[in-house]
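Secondary and tertiary structure notes
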Amino acid sequence: MAELKYEITEHIGSLGETARGWTKELNLVSWNDREPKYDLRDWAPDHSRMGKGVTLTIDEIVALRDLLNEVEGLDSFDE
């Protein structure tokens, strides 16, 4: 299997941390020297390993934002 090459070009934010110290993060990631895409997945503390995730283009992340804005009741959650 070919080696997977990645570079986190921008860390946007973390959604939470597991008991093992892994964090679910939204980042811009360049996979195999391609244009960076939005990426949501779990990362080891040193970013040397990752869990399964989802990679989205700018059009897809905008569509996701729009869908979330339409979900009833999301604005009523207290932090």
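Report follows, based on the coordinates. Fair warning: this is a prediction, and the values are worked out from it, not measured in the lab. (Residues numbered from 1 in each chain as written. Predicted model: local features only at pLDDT ≥ 70, side-chain atom pairs only at ≥ 80, totals over all residues. Heavy atoms only, no water.)

So, the sheet that holds strand β4 (residues 50–56)
Defined as follows: Strand pairing follows a simple DSSP-based rule, namely that at least 2 bridges must link the two strands. Numbering of helices and strands runs from the N terminus; a helix is a DSSP stretch of H or I covering at least four residues, while a strand is a stretch of E covering at least two. Under this scheme, a helix contributes an axis fitted over its contacting stretch, all axes are lines through C-alpha atoms, and angles between N-to-C directions fall in the 0 to 180 degree range.
The strand order β1-β2-β3-β4 describes an open sheet built from 4 strands, whose pairing is antiparallel. The open sheet has two free edges, formed respectively by β1 (6–17) and β4, since each of these has just one partner strand. For this sheet the average axis-to-axis angle between neighbouring strands, irrespective of direction, equals 25°. Pairing of strand β2 (residues 23–31) with strand β3 (residues 37–43) involves 7 bridges; the strand directions are antiparallel. Considered in β3, the bridge of E25 is made with R41.

Notes on the environment of I12
Where we set the bar: Only heavy atoms matter for contacts: two residues are in contact if any of them lie within 4.5 Å across the pair.
With respect to the helices, strands and loops of the structure, I12 is situated in strand β1. Placed 56 residues apart in sequence, I12 and L68 show a C-alpha to C-alpha distance of 18 Å. Setting aside anything within four residues of it in sequence, one finds I12 in contact with L26, N27, L28 and Y38.

Remarks on the packing of aromatic side chains
Stated precisely, the cut-off is as follows: By convention, a stacked pair of Phe, Tyr or Trp rings (six-membered ring in the case of Trp) has centres within 6.5 Å and planes under 30 degrees apart, an edge-to-face pair has planes over 60 apart, and any other such pair is tilted. Here the term buried applies to any residue with accessible area under 20% of the maximum for its type, exposed to any over 50%, and partly exposed to those in between, with areas from a 1.4 Å probe on protein chains only. Whether a charge sits over a ring depends on NZ of Lys or CZ of Arg being within 6 Å of the ring centre and within 35 degrees of the ring normal.
All chains considered together, the criterion is met by 2 aromatic pairs. Seen in terms of ring centroids, Y6 and W31 are 5.8 Å apart; in terms of plane orientation they differ by 45°. Their pairing is tilted. Taken together, the residues span a long stretch of sequence, with Y6 in strand β1 and W31 in strand β2 at a distance of 25 residues. Take Y6: its relative accessible area is 25%, and that puts it in the partly exposed class. A ring pair is formed by Y6 and W43, whose centres lie 5.3 Å apart and whose planes are at 50°; its orientation type is tilted. Taken together, the positions of Y6 in strand β1 and W43 in strand β3 put the pair 37 residues apart, joining distant regions of the chain. Classification of W43 as buried rests on a relative accessible area of 0%. By way of ring pairs, the aromatic residues Y6, W31 and W43 are connected into one cluster. We note R20 situated over the ring of W22; from NZ or CZ to the ring centre the distance is 4.8 Å.

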